[in-house]
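Fold and geometry: a report
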Amino acid sequence: MDLILHERQEGCLCAQHCLNALLQGSYFTPVDLASLGQRMDDEERMRMAECGEESDEYQKFIKQPSGNMDDSGFFSVQVISSALEVWGLELVPYSSSDPKAIQAREGPE
């Protein structure tokens with residue numbers, strides 16, 4: 001690799017810049033990540049509706065703003081994880097008991 005990709009920070013698009021730096025290419029745009037966030041919002045709405053659209057829980061839920069994205073460029077860790085899955089990559093929490101996380105915490109052998 002001759003050059004390392006670095007995107008200049010724009011607004012609150014940290015997730016986009018982080019993903020593109022990790023993947024070393026301009027693979028994700030704000031629109032791409034917003035589409036993933038919207039898909040997650042739609043799935044969450046469908047799951048909540050299973051308890052009944054007239055339920056207090058559902059009515060309270062649909063009045064809340066998205067937890068997956070906002071107009072400032074914020075994207076949740078779930079959106080980041082979903083974006084990585086497009087590339088066959090998995091986001092493993094550092095504190096997880098997953099063997100991959102344990103190995104990362106212990107460092108190279």
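Procedures and definitions
- Residues numbered from 1 in each chain as written.
- Predicted model: local features only at pLDDT ≥ 70, side-chain atom pairs only at ≥ 80, totals over all residues.
- Heavy atoms only, no water.
- UniProt positions renumbered as here; feature names shortened; annotations may be inferred.
- Core = buried A, V, L, I, M, F, W, Y, C linked by side-chain atoms within 4.5 Å.
- Buried < 20%, exposed > 50% of the residue type's maximum accessible area, 1.4 Å probe, protein only.
- Helix = DSSP H or I, 4+ residues; strand = E, 2+ residues; numbered from the N terminus.
- Contact = heavy atoms within 4.5 Å.
- Patch = residues over 30% accessible without salt bridge, like charges linked within 9 Å, V, L, I, M, F, W, Y side chains within 5 Å.
- Areas by Shrake-Rupley, 256 points an atom, 1.4 Å probe, with all protein chains shown as cover.
- Salt bridge = Lys/Arg side-chain N within 4 Å of Asp/Glu carboxyl O.

The protein chain is annotated in an unreviewed UniProt entry as ubiquitinyl hydrolase 1 from Diaphorina citri. Turning to the protein chain, the UniProt annotation filed under Subcellular location (unreviewed entry) states: "Nucleus".

On to the nonpolar core. In this structure, Leu19, Phe28, Leu33, Leu36, Phe75, Val79 and Ala83 are the most contacted members of the largest nonpolar core, which totals 13 residues. Elements that contribute at least two residues to this core include exactly helix H1 (14–23), helix H2 (30–49) and helix H4 (77–85). Not counting chain neighbours up to four residues away, the residues in contact with Ala83 comprise Leu19, Phe28, Leu33 and Leu36.

Here we come to a nonpolar patch on the surface. A surface patch of nonpolar side chains, amounting to about 510 Å² of accessible area, comprises Leu22, Tyr27, Val86, Trp87 and Leu89. Assignment of secondary structure puts Leu89 in the loop between H4 and helix H5 (99–106). Relative accessible area serves as the criterion here: at 38%, Leu89 is assigned to the partly exposed category.

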